[in-house]
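Structural characterization, general
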Amino acid sequence: MRPEIREYNYDRLMAGMLNAAAKVPAGTEKETVLTYQYIPNFTGVARSFINAGPAGVYFLELMARYYDNILTAKKKDRMIVGTTFCNTPAILYAMDLVPATFEVLTAIGSLVWKRGMFDYMDYCVEVGMPETSCSAQRGFLGACLGGLCEDIDIFICDTPGVCDTNANAFAFAAEYLDKPFFQLNYPSIIGDDRSQNYHIDDYKELVGFIEYHTGKSLDYDRLGDVLTEIDRQDALTAEMEDMLMMVPTPIPPLFSLMIYAGRFCFSGQPEYTRLLEIMVEDSRKRMAEGIPGLSAGKENLRLLMCYIDHYTVDTNFYSYLETRGIAHTGSILTRNFRKGSPYTEEMPDVSYDIDTSSPEMMLDSIAQLNARMPMVRSIRGPYDQHGMWLDEVLTCARRYRADCIIYNGTPGCRNTWGMVKPFARDLERQGYPVHIMYDDAFDDRVESWDATRERLDEFFAVRRLL
Amino acid sequence: MIVAGCDIGSLSAKAVIMEDDTILAHDLMRAGVRPSESASRVMEAVLEKAGMSMEDVVFIVGTGYGKEQIPFANAVESEISCHAKGAYHLMPSARMVVDIGGQDAKATRLDDGGNVARYIYNDKCASGTGRFLEVMAEALEIPLDEMGATGALSTQKLLISNQCVIFAETEVVSLVNEGRETADIVNALHHALARRAASLAKSIEVAREVVMTGGVAKNSGVFNALAKALNVPVLAIDGIDPQIVGALGAALYARERASIPQTGKNREAFHAAGNS
């Protein structure tokens, strides 16, 4: 790592930038101009969110608060848990812990810095991780391993067998930093009694692990509050989903990111409920006026991302969709698979429900919810098995009336790369043009954004979509 | 109506001039560092061959990796679309095009109307491309255009990996040091490259009528190895250099688009670049 990078605490750098950006809209014009001078490299992405209206502004505040929680955790005698987006932070909030979700923290750095998270990613390699490991973890983890972040107290992941590169990154971090580490496991099928029971039993082990290391018992009243909040959030998300199914949709592409990033950071917390309320209100208004969510004012195409989005500098990917008039109908990260959602009608066993009637039911609810988080839900087994990746994507493509499907990940996504070509073939057979992006969602060095954009333009032109 | 297609690839520049269904002239040359200069040079050469000037050309479509830099193009098209169009024009029975160019390899499946149904690029390094052969020709100190004939003399089967140009070159050096025959090494290289291209094609389902385009199609060793790796006959393009199929496709697009009133931009840009 370059010596000058080592001079700065990563968490504080990010927190400072996000705090400044979140305050921009409240200022006078002169203050705004001055604030932008303090965040020159962040101006592009700040403008993107601010231009997205009250939801975008609130989202910046949320991200700043997320960092604030991390930075003040020790002062408040709260442990920090390094975890993955595939694992809901809800249980951590219920147990008074502070989540530090690696992929979200890497994405923020990749979005705001021109050099992205390159130095931190490379640092992981310097200390022994393979360079083919996933950039989504390597970004924030590099800062973490370099001692440039608040100390992580515990590591929890739930990705072995689902995303081995992800699980390996957490195993490496726990070993390198000599911290307690727990891995949830998932069977290769979903929805049958045996799997459901496995989810609960394994989750009980997780709770026991946390109780042991924190010295605090799970407070079921608090878990009940968190689950009740999730219930509200799911209802709001369902309304967003309904509007996302409309043609044209009143939901802008950036909202898709905010729906899942908010959930990965603040699931079960009132902050995320508020974000969803603002997005619903904003989208409803557009729907009532018959205005598409795209700033271009016209929806030319409906795109379904069958995996993740692209997160490098300045929200380029989302701006690209805006300028081309392409509606983003979500990705594997967007939908929660709550029971009753239209897309779960064809595979009800893949969904979860919430029941707060007893401690046992609460534990069951959060275990089943966690088992429906992205990737662990539908990448756990063969892609063409019931309820897995192909089923999920085809159902969503039909429900959301997608015109085409795009795969984007990182070279480290070996569990999906291993099946993406037959998966794409099967989608094509169902009539969906499919494009496989060869870039890295978090690292522009693998393929520059300019090259990625050209490939996207080529796909839309050659397949006569635009 | 006279139209032109100009294909500026990473290693070569190609141009075709057409009048209705007839190819009046074509030319190809090594591409320089600047795509705009390569485009002007190849265009000037093909115009000279056709005995024409830029004023005679109604519409020009550019393609290839340098397409955006062609100063006189009225429009640009993806090389995927151009190779598909050119191949289908020459062989209407074609349902798959395997194009191995200088820096990439592409497989394209066509529908019955000649439209692109699916396509795929090489997803790793340059190991399945023309550059792979260039590097190996240099390592073996034999001219690139003699590789096909050299490989045909092979008597012993060798195996060379195809995932990385650098690693493959290391293998070649080792084989040379072991005293292996050059013909056997070249033959193994042809098969290595063909296997990479075939795996691409197979990932989008191989159609029965496969046409090979691009500069590497001129190498009979790779051509035959590809047919073997795909396990289907690969059709040879008769009477035309397979390397200009992309430019031909661009010219065909130019013909389609010529009905759109042109601005004269192509002529002005061509003359502004100092051409006659």
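Since we're looking at a predicted model, the values are computed, not measured.

It is worth spelling out the overall build of chain B at this point. Secondary structure summary: chain B contains 9 helices and 10 strands in total. Taken over the C-alpha trace, chain B has a radius of gyration of 19 Å; the compact-globule value for 276 residues is 19 Å, and the two agree within 12%. In terms of overall dimensions, chain B has a C-alpha envelope of 60 × 40 × 30 Å along the principal axes. Buried residues in chain B amount to 58% of all 276 residues. Within chain B, residue pairs in contact and separated by at least 24 positions form 67% of the contacts whose partners lie at least 6 positions apart. Carbon and sulfur atoms form 50% of the exposed surface of chain B, whose accessible area is close to 11300 Å².

It is worth spelling out the nonpolar core at this point. In this structure, Y10, F42, Y311, W389 and F460 of chain A are the most contacted members of the largest nonpolar core, which totals 256 residues. Of all the elements, helix 4 (residues 54-72) of chain A adds the most residues to this core, at 12 residues. Apart from the residues lying within four places of it in its own chain, the contact partners of F460 of chain A are L301, Y320, I326, C404, I406, L465 and L466 of chain A. Grouped together as the second largest cluster of nonpolar side chains are 21 residues, C6, A25, V42 and M43 of chain B included.

Before going further, it helps to examine the pairing of strand 2 (residues 12-19) of chain B. Residues and elements named next belong to chain B. Burial of strand 2 is extensive: 7 of the 8 residues sit out of reach of the surface. The pairing of strand 1 (residues 2-8) with strand 2 spans 7 bridges and is antiparallel. By the bridge assignment for strand 2, G5 is matched with V16. Taken together, the 8 bridges between strand 2 and strand 3 (residues 22-30) define a ladder with antiparallel strand orientation. Along strand 3, the bridge assignment pairs A13 with M29. Hairpin connection, strand 2 to strand 3: the antiparallel pair is bridged by 2 residues, and D20 has positive phi, about 50 degrees.

Two modes of strand pairing occur in sheets, parallel and antiparallel, and in both the strands are linked by backbone hydrogen bonds. Residues and elements named next belong to chain A. One open sheet accounts for 4 strands, arranged 6-5-7-8; its pairing is parallel. In this open sheet, the two strands that pair with only one neighbour each are strand 6 (326-328) and strand 8 (434-436). When the angles between neighbouring strand axes are averaged without regard to direction, this sheet yields 30 degrees. Pairing of strand 5 (residues 301-305) with strand 6, which is carried by 3 bridges, proceeds in the parallel orientation. Residue L301 lies in a different strand from strand 6, and its bridge partner there is I326. In the packing of helix 14 (residues 316-324) onto the sheet, the strands contacted are strand 5 and strand 6, and the crossing angle to strand 6 comes to about 135 degrees.

Bringing the environment of L105 of chain A into the picture now. Residue and element names in this part refer to chain A. Within the secondary structure, L105 is located in helix 6 (residues 102-112). In the structure, L105 is positioned 91 residues away from M14 in sequence and 9.0 Å away in space, judged by C-alpha atoms. Residue contacts for L105: discarding those within four places in its chain leaves Y10, Y66, Y67, I70, A100, M117 and F140.

Attention now moves to the sheet that holds strand 1 (residues 80-83) of chain A. All names here are of chain A. Overall, parallel pairing links the 4 strands, which are arranged 2-1-3-4 in an open sheet. Strands with a single pairing partner mark the edges of an open sheet, and in this sheet they are strand 2 (98-101) and strand 4 (181-183). Strand-to-strand twist across the sheet, computed as the mean angle between neighbouring axes with direction ignored, equals 25 degrees. In the sheet, strand 1 pairs with strand 2 via 4 bridges, with the strands oriented parallel. The residue bridging V81 from the neighbouring strand is P99, located in strand 2. Seen against the sheet, helix 4 touches strand 1 and strand 2 and runs at an angle of roughly 120 degrees to strand 2.

Residues and elements named next belong to chain A. Here T312 lies in the loop between strand 5 and helix 14. The exposure class of T312 is buried, given its relative accessible area of 2%. Within the local environment of T312, its side chain forms a polar contact with the side chain of H310, the two groups lying 3.4 Å apart. At 3.0 Å, the side chain of T312 and the side chain of D444 are in polar contact. Excluding its chain neighbours within four sequence positions, the residues that come into contact with T312 are S110, L111, D440, A441, F442, D443 and D444.

As a further point, take the environment of A15 of chain A. Residue and element names in this part refer to chain A. With respect to the secondary-structure elements, A15 resides in helix 1 (residues 10-23). Separated by 107 residues in the primary sequence, A15 and D122 place their C-alpha atoms 22 Å from one another. The residues contacting A15, other than those within four sequence positions of it, are Y67 and L71.

On to the packing of helix 16 (residues 389-399) of chain A against helix 18 (residues 420-429) of chain A, then. All names here are of chain A. At a minimum axis separation of 11 Å, helix 16 and helix 18 run at an interaxial angle of 35 degrees. For the pair helix 16 and helix 18, the sense of crossing is right-handed. Taken together, the residues of helix 18 that come into contact with helix 16 (itself represented by W389, L390, V393 and L394) are V420, F423, D426 and L427. Here the contact of helix 16 with helix 18 is composed, by residue class, of 7 nonpolar, no polar and 1 charged.

All right, on to the pattern of salt bridges then. Close approach of charged atoms allows side chains of opposite charge to pair. All names here are of chain A. For the structure on display, the rule yields 46 salt bridges over all chains. Between D96 and R222 there is a salt bridge, with its nearest N and O atoms 3.4 Å apart. With D96 in the loop between helix 5 (90-94) and strand 2 and R222 in helix 11 (residues 220-245), the pair connects residues that are 126 residues apart, well separated along the chain. Residue D96 is classed as partly exposed on the basis of its relative accessible area of 21%. Among the residues examined, R222 registers a relative accessible area of 33% and is labelled partly exposed. Notably, a salt bridge pairs E360 with K204, separated by 3.0 Å at the nearest N-O pair. Pair noted here: E360 is in helix 15 (residues 359-370) and K204 is in helix 10 (residues 193-214), with a separation of 156 residues, a long-range link. Assessed through its relative accessible area of 46%, E360 is described here as partly exposed. The exposure class assigned to K204 is partly exposed, which follows from its relative accessible area of 36%.

Further remarks concern empty space enclosed by the protein. Tallying each qualifying case throughout the model produces 6 cavities of 30 Å³ or more. Approximately 360 Å³ is the volume found for the largest cavity. Surrounding the largest cavity, 31 residues form its lining, E103, V104, A107, Y311 and F442 of chain A being those nearest its centre. At the level of elements, helix 3 (43-51), helix 4, helix 6, helix 8 (135-145) and helix 12 (253-266) of chain A are the ones that each hand at least two residues to the lining of the largest cavity. Counting residues per element, the lining of the largest cavity draws most heavily on helix 6 of chain A, at 6 residues. A per-class count over the lining of the largest cavity returns 27 nonpolar, 3 polar and 1 charged. Taken as a whole, the second largest cavity holds about 200 Å³ of empty space. Elements with a contribution of two residues or more to the lining of the second largest cavity: helix 18 and strand 8 of chain A together with strand 8 (116-121) of chain B.

If you look at the interface, chain B gives 16 residues, while chain A gives 13 residues. Of the roughly 1300 Å² buried at the junction of chain B and chain A (both faces included), carbon and sulfur atoms supply 48%. Between R118 of chain B and E428 of chain A there is a salt bridge, with its nearest N and O atoms 3.5 Å apart. For the interface between chain B and chain A, the tally reads 7 residue pairs in polar contact (both at pLDDT 80 or more). For the side of chain B that touches chain A, the elements supplying multiple residues, two or more each, are helix 2 (79-90) and strand 8 of chain B.

Definitions and limits used
- Residues numbered from 1 in each chain as written.
- Chains lettered and ligands numbered in written order.
- Predicted model: local features only at pLDDT ≥ 70, side-chain atom pairs only at ≥ 80, totals over all residues.
- Heavy atoms only, no water.
- Helix = DSSP H or I, 4+ residues; strand = E, 2+ residues; numbered from the N terminus.
- Rg over C-alpha atoms; globule rule 2.2 N^0.38 Å.
- Buried < 20%, exposed > 50% of the residue type's maximum accessible area, 1.4 Å probe, protein only.
- Contact = heavy atoms within 4.5 Å.
- Areas by Shrake-Rupley, 256 points an atom, 1.4 Å probe, with all protein chains shown as cover.
- Core = buried A, V, L, I, M, F, W, Y, C linked by side-chain atoms within 4.5 Å.
- Pairing = 2+ DSSP bridges.
- Axes fitted to C-alpha atoms, helices over the stretch in contact; angles between N-to-C directions.
- Polar contact = N/O pair within 3.5 Å; in protein donor to acceptor, adjacent residues only side chain to side chain.
- Left-handed = near helix turned anticlockwise from the far one by under 90°.
- Nonpolar A, V, L, I, M, F, W, Y, C, P; charged D, E, K, R; others polar.
- Salt bridge = Lys/Arg side-chain N within 4 Å of Asp/Glu carboxyl O.
- 1 Å grid on protein atoms, 1.4 Å probe; cavity = no way out; pocket = protein on both sides within 12 Å on 5 of 7 lines; lining within 4 Å.
- Points joined across faces, edges and corners; volume = space filled by probe spheres on them.
- Buried area = accessible area lost by both parts, 1.4 Å probe.

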